[in-house]
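Letter by letter, the chains look like this.
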There are 2 protein chains.
Amino acid sequence: MKVITQKCEVCSKHPASGFNYGACVCNSCKMFFRRVILRKNITDCENEGVCISKCRPCRFQKCLQAGMTFNPYSPGSDLHNNEVILFAIINNLQHIDNHREKLFNNCLFNGDPSFTEVLGTLNFEEKPPDLNYIYKEWSFIQSITGIDFLMKISFVKKLELPDQIVVIKNIFIQFSIFSIAHSCYTTKLSRLSFPNGSEIPEPNIYGVSDNLRIRIQGRLLARLIELKVSKQEFLLVSVLLLCDPCTPNLSDHGKILITSQQKYYASALLQHCLINYQSSGPSRFTDLLFLHQAISSTIDDLKAHYQLCQLYQASNWLHTKKIFLCID
Amino acid sequence: MKVITQKCEVCSKHPASGFNYGACVCNSCKMFFRRVILRKNITDCENEGVCISKCRPCRFQKCLQAGMTFNPYSPGSDLHNNEVILFAIINNLQHIDNHREKLFNNCLFNGDPSFTEVLGTLNFEEKPPDLNYIYKEWSFIQSITGIDFLMKISFVKKLELPDQIVVIKNIFIQFSIFSIAHSCYTTKLSRLSFPNGSEIPEPNIYGVSDNLRIRIQGRLLARLIELKVSKQEFLLVSVLLLCDPCTPNLSDHGKILITSQQKYYASALLQHCLINYQSSGPSRFTDLLFLHQAISSTIDDLKAHYQLCQLYQASNWLHTKKIFLCID
DNA sequence: TCGCAGAACATGTTCTGGT
DNA sequence: TACCAGAACATGTTCTGCG
Ligand SMILES: [Zn+2]
Ligand SMILES: [Zn+2]
Ligand SMILES: [Zn+2]
Ligand SMILES: [Zn+2]
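The structure contained in this document is the topic of the report that follows. (Residues numbered from 1 in each chain as written. Chains lettered and ligands numbered in written order. Predicted model: local features only at pLDDT ≥ 70, side-chain atom pairs only at ≥ 80, totals over all residues. Heavy atoms only, no water.)

**A word on the overall build of chain A**
Here is step 1 of the chain: Scanning chain A for helices and strands turns up eleven helices and four strands.
Here is step 2 of the chain: A burial count over chain A gives 46% of its 328 residues as buried.
Here is step 3 of the chain: Residue pairs in contact within chain A that sit at least 24 positions apart in sequence constitute 68% of those at least 6 positions apart. (Helix = DSSP H or I, 4+ residues; strand = E, 2+ residues; numbered from the N terminus. Buried < 20%, exposed > 50% of the residue type's maximum accessible area, 1.4 Å probe, protein only. Contact = heavy atoms within 4.5 Å.)

Structure below.
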């Protein structure tokens, strides 16, 4: 008699039995979600990224992505159970990021894909141990692995293709910078630089003000050091960078999805802050969100720096990769 | 790596995982069987006879039919568990027979099907309460419901069609007589007769020896009374009548199947006797099997009687139904 | 090494009760 | 009455141990 003949949002195998735990899912998936939460047996997908989504961990991720939440009547255990969800969300991000790091450190990417091409599968190759990247290559592999990471964040695939391009294009440089900065913070470096030690931006270009370079190298990193931004916080903030409903040229559908995801990840970050910082959780949350400003300023400086470099030493900046030129 | 790519004998949905509990079945069916036995939760099929065989009780019957047995290592409980199986076998027969009785008492069957037609679905109709059968009609409904009963014994469907005809044709009269006799025994009648009281065979036909009639009316019934044959025994013996590997014109395949079924039901009957008669179980078993002789003799007498009647009163025996004339 | 019984675990379906 | 959380039950899959 029900109008809901919809397929389950998670398994799409059974018809949804109704609105269970906050999403339109079938009974099996409802019970599955419940059991994972209660038994707290969250594991990681074996083949991160290339899974057919039929495995347990991926099924659970789909539940989370569908927006399922667990609010048992029994008061008190409430927070505890939602911590499980939070943990799972972060854990998932952590895995995708571990994969990114692996690619960044051990692989190379041949070619010069446009944005449309980037949306397909990216084929990384093993990097010979004796190969040394030059600066340009570092920044390219940093960005391309960053894009790969962003593409793997689950809700991105739910966007229509043009929206995917728009969103990724809007954010990948910010993420690259944020990511390299956090990695430098983790390894206790005081200036932005690639793993081989070459500083960002490329030094010693005649005519470019040292002031600009110092700002680029220091501002964001200093803030990360000051706040002692954890990896988990870094990841959540990264996803929130992506969740910008004001991204230009976004379709209506995209806007709705991005908005819901922003709400979702924002409350996850807030919860995380509350758990780790108790009463000062909200202010921590604010600090983290405002990292966005430091990132944006750094990008602005980088752009200025780039233009100056073009001005003074054009030849060195030839063959800029398409993604940096924002070519679709 | 296994050669066994066979389908499960019970569900034929999964491949058989091996030889489990005595039959080639899949793992699910293995566990299903195990659980039914252990929990002893045997129930009856809702729509006896016309079930798609997907329901629990039918699945369990299929297990039994596939020859599955339960012999747990733990000594002592052995017999107990096999009693569960025995109970289930008898219970199933009981149900089919209850259905037969219902048809026999409350329904009528229009038409004069040949044996080939009888193998399809038999369409019984509600009998108006004010309708009174004449003798011929009683014997027809008795036989046709008997055939319906026999067809529903599970292994019959496993026979090839010609074998089904051969087997049923060979036995349906014996079963009819046996059945009516046991029913008379149950209702404490001393002479074979139909529910309306009309005696078997039809009395008062001029020229037929009373001796013959008395033998027909009494011999089998007397034996049933003497032995106090229970309904359960009646049912098992009935199936064993059917399990005659020497049935003429049986195919090789049919012979093999019938032989295995004979072994199966014979050991069930023996077990039943042992449980109820302990040390005199085997002799009880023998007595029951020898009921076959009384049935056969009665049939012989009936045939003689029939021929005599034809001789003296031909008109009365016109329009004999096809099944009695053994018309395929 | 293999095959199977049984335990343990995972998943799916139906029932129950509160709102 | 309809809806849904959770309990209870039923089914299916994988692991373990033994001969
Ligand atoms: Zn589902
Ligand atoms: Zn997976
Ligand atoms: Zn099976
Ligand atoms: Zn059934």
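Read on, since the account is not over.
**Brief notes about the protein's contact with DNA strand C**
Here is step 1 of the chain: Close to DNA strand C lie 20 residues; Arg35 and Arg56 of chain A together with Phe19, Tyr21 and Arg34 of chain B are nearest.
Here is step 2 of the chain: The separation between a base oxygen of DNA strand C and a polar side-chain atom of Arg35 of chain A is 2.3 Å.
Here is step 3 of the chain: A distance of 3.0 Å separates a phosphate oxygen of DNA strand C from a polar side-chain atom of Arg59 of chain A.
Here is step 4 of the chain: Within the residue set of the surface near DNA strand C, elements represented by two or more residues are helix 1 (27–39) and helix 2 (56–65) of chain A together with strand 1 (18–20) and helix 1 (27–39) of chain B.
Here is step 5 of the chain: With six residues, helix 1 of chain A is the largest single contributor of residues to the surface near DNA strand C.
Here is step 6 of the chain: Residue composition of the surface near DNA strand C, grouped by class: seven nonpolar, four polar and nine charged. (Near = heavy atom within 4 Å. Polar contact = N/O pair within 3.5 Å; in protein donor to acceptor, adjacent residues only side chain to side chain. Nonpolar A, V, L, I, M, F, W, Y, C, P; charged D, E, K, R; others polar.)

**Observations concerning the packing of aromatic side chains**
All names here are of chain A.
Here is step 1 of the chain: Scanning all chains against the criterion turns up 30 aromatic pairs over all chains.
Here is step 2 of the chain: With centroids separated by 6.1 Å and ring planes inclined at 65 degrees, the aromatic side chains of Phe109 and Phe140 adopt a geometry described as edge-to-face. Pair noted here: Phe109 is in the loop between strand 3 (107–108) and helix 4 (115–118) and Phe140 is in helix 5 (residues 135–152), with a separation of 31 residues, a long-range link. Of the two residues, Phe109 and Phe140, neither departs from the other in class, the shared state being buried.
Here is step 3 of the chain: When the ring of Phe115 is compared with that of Phe172, the centres are 5.5 Å apart and the planes differ by 70 degrees; the resulting orientation is edge-to-face. Remark: Phe172 occurs in helix 6 (residues 161–186) and Phe115 occurs in helix 4; sequence separation between them is 57 residues.
Here is step 4 of the chain: For Phe115, a relative accessible area of 0% puts it in the buried group.
Here is step 5 of the chain: Put simply, the rings of Phe104, Tyr133, Tyr135, Trp138 and Phe194 pair up and form one aromatic cluster.
Here is step 6 of the chain: Over the aromatic face of Phe32 sits the side chain of Arg59, whose NZ or CZ is 4.2 Å from the ring centroid. (Phe/Tyr/Trp six-rings, centres within 6.5 Å; stacked < 30°, edge-to-face > 60°. Lys NZ or Arg CZ within 6 Å of the ring centre and 35° of its normal.)

**A look at helix 8 (residues 231–242) of chain B**
All names here are of chain B.
Here is step 1 of the chain: When the terminal C-alpha atoms of helix 8 are compared, their 17 Å separation across twelve residues agrees well with the 16 Å that a helix rising 1.5 Å per residue should span.
Here is step 2 of the chain: Among the twelve residues that make up helix 8, ten are buried, leaving the element largely enclosed by the rest of the structure.
Here is step 3 of the chain: Within helix 8 the residues assigned to the buried category are Glu233, Phe234, Leu235, Leu236, Val237, Ser238, Val239, Leu240, Leu241 and Leu242. (Expected span 1.5 Å × (residues − 1).)

**Quick look at the packing of helix 6 of chain A against helix 7 (residues 210–227) of chain A**
All names here are of chain A.
Here is step 1 of the chain: Contact pair helix 6 / helix 7: the axes reach a minimum separation of 9 Å and the direction vectors enclose 50 degrees. Here helix 6 is positioned oblique relative to helix 7, judged by the angle of their axes. Like other packed secondary-structure pairs, helix 6 and helix 7 cross with a definite hand, here right-handed. Across from Ile177, Phe178, Ala181, His182, Cys184 and Tyr185 in helix 6, the residues of helix 7 making contact are Leu220, Leu221, Leu224 and Ile225.
Here is step 2 of the chain: Taken together, the residues that form the contact of helix 6 with helix 7 break down as nine nonpolar, one polar and no charged. (Axes fitted to C-alpha atoms, helices over the stretch in contact; angles between N-to-C directions. Parallel < 35°, antiparallel > 145°, perpendicular 65-115°, else oblique. Left-handed = near helix turned anticlockwise from the far one by under 90°.)

**Concerning the protein's contact with DNA strand D**
Here is step 1 of the chain: The environment of DNA strand D is made up of 20 residues, and the closest members are Phe19, Tyr21 and Arg34 of chain A together with Arg35 and Arg56 of chain B.
Here is step 2 of the chain: Atoms of DNA strand D within 4 Å of the protein belong to the sugar or the phosphate in 63% of instances, the rest to bases.
Here is step 3 of the chain: In this structure, a phosphate oxygen belonging to DNA strand D sits 3.1 Å away from a side-chain N or O atom of Ser28 of chain B.
Here is step 4 of the chain: Contacts to DNA strand D include Arg35 of chain B, whose side-chain N or O atom sits 2.3 Å from a base oxygen.
Here is step 5 of the chain: Listing elements by their share of the surface near DNA strand D, those giving two or more residues are strand 1 (18–20) and helix 1 of chain A together with helix 1 and helix 2 (56–65) of chain B.
Here is step 6 of the chain: By residue number, the principal contributor to the surface near DNA strand D is helix 1 of chain B, which donates six residues.
Here is step 7 of the chain: In terms of residue class, the surface near DNA strand D is made up of seven nonpolar, four polar and nine charged.

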